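Chain by chain, the residues run as shown.
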Amino acid sequence: MSEPASESMSTERVVSLRGTARNAHAGAVLVRGEQEPPVYIAGLAEWGELADREVEVVGVLSEDRITPEPSTGPLPSHGVPGTIHLLLDASWRTL
Amino acid sequence: MHKWFLRAAVVAAVGFGLPTLIATTAQAAAVAAPSPRAPLAPPLAEDRSYRTWRVEDYVEAWERYHGREMTEDERENLARGCIGVTVVNLNREDLSNPPLNLSFGSLRTAEAVQAALNKIVDTHPSPAQYEAAVAKDPILKRLKNVVKALPSWIDSAKLKASIFSKRFYSWQNPDWSEERAHTTYRPDRETDQVDMSTYRYRARPGYVNFDYGWFDQDTNTWWHANHEEPRMVVYQSTLRHYSRPLQDFDEQVFTVAFAKKD
C-alpha cells in the first residue's frame with residue numbers, strides 16, 4: 001500500500017512509499033512530487049544505477065535532522081535547514 | 001547533460017565578440033608556468049572521482065601548503081562547511097563570505113577572466129592603474145563589477161585571481177514566479193556573466209542550501225564539504241563529481257575572486 005503524499009505524515013511506523021529515486025547532496029532521496037518534501041533513505045549515499053527509476057521503498061518513517069542546523073545570518077553555514085523525513089531500515093524494489 | 005556543459009556549449013557556439021577573445025586567452029593561459037611550490041595535496045588517481053578528508057588532515061595539508069598555522073578565526077570559518085573551505089583559501093581577513101560579483105556560466109569564461117586579471121595584478125598596479133588597465137582589456141572592459149572586485153586596501157603584489165564554483169537553488173525569493181526563478185541566474189549571452197545580486201543563500205526545502213567548490217588548479221580538483229561542523233568532512237573531487245546531478249541545485253556558477261598570497 002502506498003502512503004498518500006503529505007507533509008504531515010505521521011512518523012515512527014512502517015510505511016511503503018512510491019516515487020522517483022534521486023540523489024541529493026546529503027544522501028539518496030525518494031521524490032514523490034515537485035511540491036512534496038523529499039524522503040531520505042537512511043544509510044544510502046546514492047542510488048547508483050537506480051537513480052531516476054521509479055521505486056517502492058519500505059521502511060520506518062522518522063523525522064530528524066540530517067545535518068547540523070545551518071546558520072542563516074551574515075555568516076551562512078552549510079547544511080540542510082530544519083528536519084527532514086527519513087526512512088530507517090529501508091528496502092526497495094523498482095516498479 | 002548538466003547545465004554548465006550546455007552553457008559552455010552556448011558560449012563556444014557564439015562565433016563573435018567575447019567568446020572568441022576568451023578562446024584565444026584560454027589557450028594562452030593553458031601554457032602558463034606551473035606553480036613553483038608543491039600542491040596542497042596529491043591529484044586524484046585516474047580511477048577516482050573524489051577523496052574524503054578528515055578536517056584535521058585537511059588543516060595539516062593547508063598549513064603545510066601555506067607555511068603557517070591556520071588561525072583560530074580561519075578554523076571557525078572552515079567549520080562552516082564548503083563555504084568555509086573557500087573562505088580560508090581566499091586567505092583574506094576582510095572577507096566573511098566569498099564575493100559573487102564576478103560569476104560566470106562556464107569554467108572556460110572564468111579561466112579567461114582569471115588570466116586577464118592576473119596579467120594586470122602581476123604588474124603590481126595602483127588602484128588607478130588597475131582601473132585603467134581594466135578599461136583597456138578586451139575581455140574585462142565588457143564585464144560588470146571588475147573594478148570593485150579589487151580589494152584596494154591590499155597591496156596588489158599580494159593578490160592573485162582565483163576560481164571557485166557555487167551550486168545553488170534558483171528560487172531565492174518565495175514571491176518569484178517559477179519563470180522568474182528559472183531566468184534570474186541565466187548567463188548574459190554576450191559576456192557569460194551571471195548577476196548574483198539577488199542571491200540570498202536560500203535552500204530548496206528539504207535539501208542542502210548550497211555547495212561551494214574551491215578550484216585547486218595545481219591538481220585540477222575541487223575542494224568542498226558535506227556540511228558544517230560537527231561531523232564535517234572535506235571532499236577533494238573532480239569537476240564531474242562535484243557537478244554531478246543533485247536534487248538540491250538547479251544552478252551552478254564559476255566565480256573569479258582575488259585571493260591573498262601568503
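In the block above lies the structure referred to throughout.
Residues numbered from 1 in each chain as written. Chains lettered and ligands numbered in written order. Predicted model: local features only at pLDDT ≥ 70, side-chain atom pairs only at ≥ 80, totals over all residues. Heavy atoms only, no water.

With that settled, the discussion passes to the side chain of Lys166(B). Residues and elements named next belong to chain B. Position of Lys166 among the secondary structure elements: in strand 3 (residues 159-168). Asp211 provides the closest opposite charge to the buried, salt-bridge-free Lys166, at an N-O distance of 9.1 Å. Here Tyr199 takes part through its side chain, which lies 3.0 Å from a polar atom of the side chain of Lys166. The residues contacting Lys166, other than those within four sequence positions of it, are Leu100, Met196, Tyr199, Tyr201, Phe210, Asp211, Tyr212, Tyr242, Glu251, Gln252 and Val253. (Helix = DSSP H or I, 4+ residues; strand = E, 2+ residues; numbered from the N terminus. Buried < 20%, exposed > 50% of the residue type's maximum accessible area, 1.4 Å probe, protein only. Lys, Arg positive; Asp, Glu negative; His and termini not counted. Salt bridge = Lys/Arg side-chain N within 4 Å of Asp/Glu carboxyl O. Polar contact = N/O pair within 3.5 Å; in protein donor to acceptor, adjacent residues only side chain to side chain. Contact = heavy atoms within 4.5 Å.)

Our next topic: the packing of aromatic side chains. In this structure the tally under the stated criterion is 15 aromatic pairs over all chains. Aromatic pair Trp47(A) and Trp92(A): ring centres 5.3 Å apart, planes at 75°, arrangement edge-to-face. In this pair, Trp47(A) sits in the loop between strand 3 (39-41) and strand 4 (54-64) while Trp92(A) sits in strand 5 (residues 84-94), placing the two residues 45 residues apart along the sequence. Look at Trp47(A) and you get buried, because its relative accessible area is 6%. Judged by its relative accessible area of 35%, Trp92(A) is partly exposed. Taking the centre distance of 6.0 Å and the plane angle of 5° together, the rings of Trp222(B) and Tyr242(B) count as stacked. Of this pair, Trp222(B) sits in strand 6 (residues 221-225) while Tyr242(B) sits in helix 9 (residues 239-242); the two residues are 20 residues apart in sequence, bridging distant segments of the chain. With respect to class, Trp222(B) is no different from Tyr242(B); both count as buried. Here a set of aromatic residues connected by ring pairs shows up, and it is made of Phe164(B), Phe168(B), Trp176(B), Tyr185(B), Tyr199(B), Tyr201(B), Phe210(B) and Tyr212(B). Positioned above the aromatic ring of Tyr65(B), the side-chain terminus of Arg37(B) is 3.9 Å from the ring centre. (Phe/Tyr/Trp six-rings, centres within 6.5 Å; stacked < 30°, edge-to-face > 60°. Lys NZ or Arg CZ within 6 Å of the ring centre and 35° of its normal.)

Residue and element names in this part refer to chain B. Of all hydrophobic cores here, the largest spans 36 residues; its most connected members are Leu40, Tyr58, Leu78, Met196 and Trp223. Those elements that provide at least two residues to this core are helix 3 (55-66), helix 5 (82-90), strand 3, strand 5 (210-216), strand 6 and strand 8 (251-260). With 6 residues, helix 3 is the largest single contributor of residues to this core. Setting aside chain neighbours within four positions, we find Tyr58 in contact with Leu40, Trp53, Leu78, Val85, Asn89, Trp223 and Val234. In this structure, Leu102, Val113, Val121 and Phe215 belong to the second largest nonpolar core, which totals 29 residues. (Core = buried A, V, L, I, M, F, W, Y, C linked by side-chain atoms within 4.5 Å.)

Residues and elements named next belong to chain B. Spatial strand order, 1-7-6-5-3-8-2-4: 8 strands in an open sheet with antiparallel pairing. The open sheet has two edge strands, strand 1 (50-54) and strand 4 (193-194), and neither has a second partner. Note that strand 5 and strand 6 share 3 bridges and pair antiparallel. Bridge pairing in strand 6 links Phe215 to Trp222. Packing of helix 6 (residues 107-121) onto the sheet brings it into contact with strand 2 (103-104), strand 3, strand 5, strand 6 and strand 8, and relative to strand 3 it is tilted by some 160°. (Pairing = 2+ DSSP bridges. Axes fitted to C-alpha atoms, helices over the stretch in contact; angles between N-to-C directions.)

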